[in-house]
Amino acid sequence: MSRSELSVSRWLEAHTDRGAGLTTLPRNAILTDIVGNGDYHLVITDLKLDNDTKSRLKVYKGTLMTHDQALSNTPNSVISFYADLNEPRIPVVGVACGSELFLYKNLKPFYKCKVPSCPLSEQESELWKTLMEKQDFNSEDIIKELKKIPFSLLSSRSQHILNLESPLKIEEYIRKYINSMPTKENVITCMSTIEKTTHDKYSVNCPIIGTEFGNIYILDPQNFSILHQANTCNVKATPFIIECSGLYDIEFRIIVACREGYICILRKGWLEGKSLIQITNDIVDMVLIPGDNFITVATADKGLHCYTKRGQKLWSATTTNSITCLCLVPLDHINMYMVAVGMKNGLIHLYHGRHLTDFTVAPDTPSVIVFGPVGQEENVMVIVTMGGTISFKILKRTADFSNRNHESVPVLQGKPLPLPKRSKLFLEQSLRERQSAVEIHQTFQQDLLRLRLTTARALVQNLSDQSGVGNEKENIKLSAQVLGLGPKFTVILTLENINPNKVLTGLSVTFHSNPIFYTLTTYIITVPLIPPSLSYKMETRVQETMSETSSETSVAELEPAGVKVIRVFVTRYDHPRPILAATINMPPTEFMV
Amino acid sequence: MGLFQKLVSFLGVGRKEVNVLVVGLNNSGKSTVVNNFKSDDDKVTDIVPTVGFSVERFQKQNLAFTAFDMSGHGRYRDLWEHYYKDCHGIIFVIDSSDRLRLVVVKEELDLLLQHPDICQKKIPILFFANKMDCKEALSSVKIAAALGLDKIMDKPWHISASNALTGEGLQEGVEWLTQQIRELLSVKN
Ligand SMILES: Nc1nc2c(ncn2[C@@H]2O[C@H](COP(=O)(O)OP(=O)(O)O)[C@@H](O)[C@H]2O)c(=O)[nH]1
Ligand SMILES: [Mg+2]
């Protein structure tokens, strides 16, 4: 793409707030019609990673933050969906914190559901049971026992004990919790939603939850009970991005990106997902392109890869900077899907398929990009950067993404030429040609002869035309003009050099006339050099001699048609043969009475 | 005959008609503004988003106005330019509380001012900084600055803050527009 093409941006810079101080991650920002009046708001989490301050849930109406509330735990992702068909249609906002999902309507929390905790390993549960019974223990022994069990399989309580330093603290900690069994929390790692029965803007959606231990839960949108439960994969895989297509009630595909580099698929009725793609590099982000269901994956090595829904690789591209996030950019008005690729240093590239079609810039590295309606505007890109800046960009109404460059790149080769089908008209025509071949041929010959005749006539007409005589060999053209009504005339001759390369030199023009009829001011004119493609004009005055007698006696001198003439010869210096000769038919003098 | 005149003659409107075009983004309050100018009998109580455009007529100081209330929705904004040729004045309504879309307003205004049917004409433009009652509303001065109105040299323009729900600020603006159109018409005759 050339620079000039990009110089006028397709994006309007609506608002940038460098002081917003937001810290967030992909899948933590959504655009939703929060009060159900068509005024889309931005709902975003503001992460506080130190222990003392709580993370917050913030809501922006247009460019202004209108709502800010504390969250009980570090949020992981935010979703919004229509839970029912009740009017007015107000979506539910879900925020996952730890192993809990908090649900809000009209910005008020109304429900909390917890992901079922995992069963303890046998050894660990045995250990705590005996502790509960005996109420007496030796910290050293307990540490020894716990160390036998793989650390990642322990409950967070046991993990905490192993992290404590002094035996005194350990004893204190155990005493505190000795009367209850520990639980193994299944932390939510990602969320998504899937349309239940219909595909439309306001259709009811089921929330989908992915957890640290590889479980995928599909929840009922109304009572949030588990509708379906499955494992991500047959190997250990921790989901961290979920994307889906299809309808829960009919047929669906859930695509799960895992931290271990697997991209797994889960379909209706399956209790365990299958690994579809395995990527050696770390997956940064993933989006599913609606329609084709192509899977676009960004990897940590500046790679952007696209796979079919069956996992075949379609293309790969290398970006200029490391990718930090992806965002689907659906342009409904031109029926096009693009992917915004946010990169280090704030560059955002927009890909349409494998083609880089546009770019825009953020103040610094984007940590999350969302695209969709904000307020009354339909196509808004909201970018939150690592530096905490929030910026709103609006796609121009006149933005044109029809790219001429695409045509030069052959996408599919070896495809047969798109020959048109044999139409009925074509068949009829060929039948007619076979049936009456003779007539068609004769008509054609007649027309051809007529054309030749017309051409010949036009040529004769042209040759007999006095206004322009030429000599093609010498590349000169002479034309004459007679001005006046008589008895005084002016003859203007134009000699044109039609050779575009050579000059004309050494020419002279001689007039010849019967002195009985005409007297001329000049009879011989020497022509100066005529440069290529230019013409030279000369004139001579003609006086008709008006003697009665002469007109009667010299009839013989008249041309056959009975008109008086002046002849013009163009000669080359010291050549006896004129290179051009012409006859000027003089008009008869109009006598005024 | 332009589309505009066709419509006017179709509606059987007399010669003293003046045509004003009411434009602005969707939800800026155009239909509410126009509704306010109509006589009490014609007023509607419920204003629904305009699809395409609607034609409204009202009287002001012996001038019979035909207002073309254009839909401001993105996909209908292409329609505006078809009415530029035959209009005597433009009312541009801005939602002064919609800070996000001020750039869109500027973009649309620039497109309007650059249009061949507008850029040569000395056509008066009245801006309503509407919804001034909203608490996030920007002042008309700030809006004029954001839109770069001071750069419009060849056309008379005027901005008034308004509240189309109560009618506040509308009279002042329309009086200015009427005066401008009257002057233009008298120069022509
Ligand atoms: N607060 C307030 N609301 C207004 C004002 N003018 C219009 N509205 C509201 O804005 C909404 C859109 O108005 P409408 O006339 O349909 O806008 P249009 O799309 O430009 O024709 C309606 O709900 C109006 O009630 C105003 O001055 N103040
Ligand atoms: Mg309207």
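Note that the structure is predicted; figures quoted are calculated from it, not measured. (Residues numbered from 1 in each chain as written. Chains lettered and ligands numbered in written order. Predicted model: local features only at pLDDT ≥ 70, side-chain atom pairs only at ≥ 80, totals over all residues. Heavy atoms only, no water.)

Asks: What is the right way to look at the packing of aromatic side chains in this model?
Replies: Two measures describe an aromatic ring pair: the distance that separates the ring centres and the angle between the ring planes. Residue and element names in this part refer to chain A. For the structure on display, the rule yields 11 aromatic pairs over all chains. Considering the side-chain rings of Phe81 and Phe224, the 6.5 Å spacing of their centres and the 70 degrees angle between planes classify their relative orientation as edge-to-face. In this pair, Phe81 sits in strand 6 (residues 75–81) while Phe224 sits in the loop between strand 12 (215–219) and strand 13 (226–231), placing the two residues 143 residues apart along the sequence. Under the relative-accessibility criterion, Phe81 is labelled buried at 2%. Among the aromatic side chains, those forming a connected cluster through ring pairs are Phe81, Phe110, Tyr111 and Phe224. For the cation-ring pair, Lys184 lies above Phe213, with the distance from its terminal atom to the ring centre recorded as 5.2 Å. (Phe/Tyr/Trp six-rings, centres within 6.5 Å; stacked < 30°, edge-to-face > 60°. Helix = DSSP H or I, 4+ residues; strand = E, 2+ residues; numbered from the N terminus. Buried < 20%, exposed > 50% of the residue type's maximum accessible area, 1.4 Å probe, protein only. Lys NZ or Arg CZ within 6 Å of the ring centre and 35° of its normal.)

Asks: I would appreciate a short explanation of the UniProt feature "domain: Bardet-Biedl syndrome 1 N-terminal" (unreviewed entry) in chain A in the present structure.
Replies: Taking the UniProt record as the reference, the feature "domain: Bardet-Biedl syndrome 1 N-terminal" (unreviewed entry) is found at residues 11–267 of chain A. In the segment residues 11–267 of chain A, helix accounts for 16% and strand for 40%; the C-alpha atoms at its two ends are 39 Å apart. (UniProt positions renumbered as here; feature names shortened; annotations may be inferred.)

Asks: What exactly am I supposed to notice about the confidence of the model for chain B here?
Replies: Low-pLDDT stretches of the model should not have their predicted coordinates read in fine detail. Residues and elements named next belong to chain B. Of all residues in chain B, 90% attain a pLDDT of 70 or more, and the chain-wide mean is 84. Confidence scores differ between elements of chain B, with helix 1 (residues 3–10) showing the lowest mean pLDDT of 45 and strand 5 (residues 125–130) the highest of 96. Both scores are given for the predicted complex: the pTM is 0.72, the ipTM 0.85. (pLDDT = per-residue confidence, 0-100.)

Asks: In this structure, what is going on with the sheet that holds strand 16 (residues 262–267) of chain A? I would like to understand it.
Replies: Each strand in a sheet pairs with its neighbour through backbone hydrogen bonds, running either in the same direction (parallel) or in the opposite one (antiparallel). All names here are of chain A. In space, the four strands of this open sheet follow the order 14-15-16-17, with antiparallel pairing throughout. Edge positions in the sheet fall to strand 14 (239–246) and strand 17 (274–278), since each has one partner strand and no second. Pairs of neighbouring strands in the sheet enclose a mean axial angle of 25 degrees, with direction left out of account. In this sheet, strand 15 (residues 252–258) lies alongside strand 14 in antiparallel orientation, the contact comprising seven bridges. (Pairing = 2+ DSSP bridges. Axes fitted to C-alpha atoms, helices over the stretch in contact; angles between N-to-C directions.)

Asks: Quick question: what am I supposed to make of the UniProt feature "binding site: Mg(2+)" (unreviewed entry) in chain B here?
Replies: Residue and element names in this part refer to chain B. Look at the UniProt record and you will see "binding site: Mg(2+)" (unreviewed entry) annotated at Ser31 and Thr50. For this annotated set, covering 20 residues, all C-alpha atoms fall within 7.5 Å of each other, a compact arrangement in space. Within the fold, Ser31 resides in helix 2 (residues 30–37). Taking the relative accessible area as the measure of exposure, Ser31 reaches 17% and is therefore buried. Within the fold, Thr50 resides in the loop between helix 2 and strand 2 (53–60). Residues contacting Thr50, with those up to four places away along its chain left out, are Ser31, Asp69 and Ser71. (Contact = heavy atoms within 4.5 Å.)

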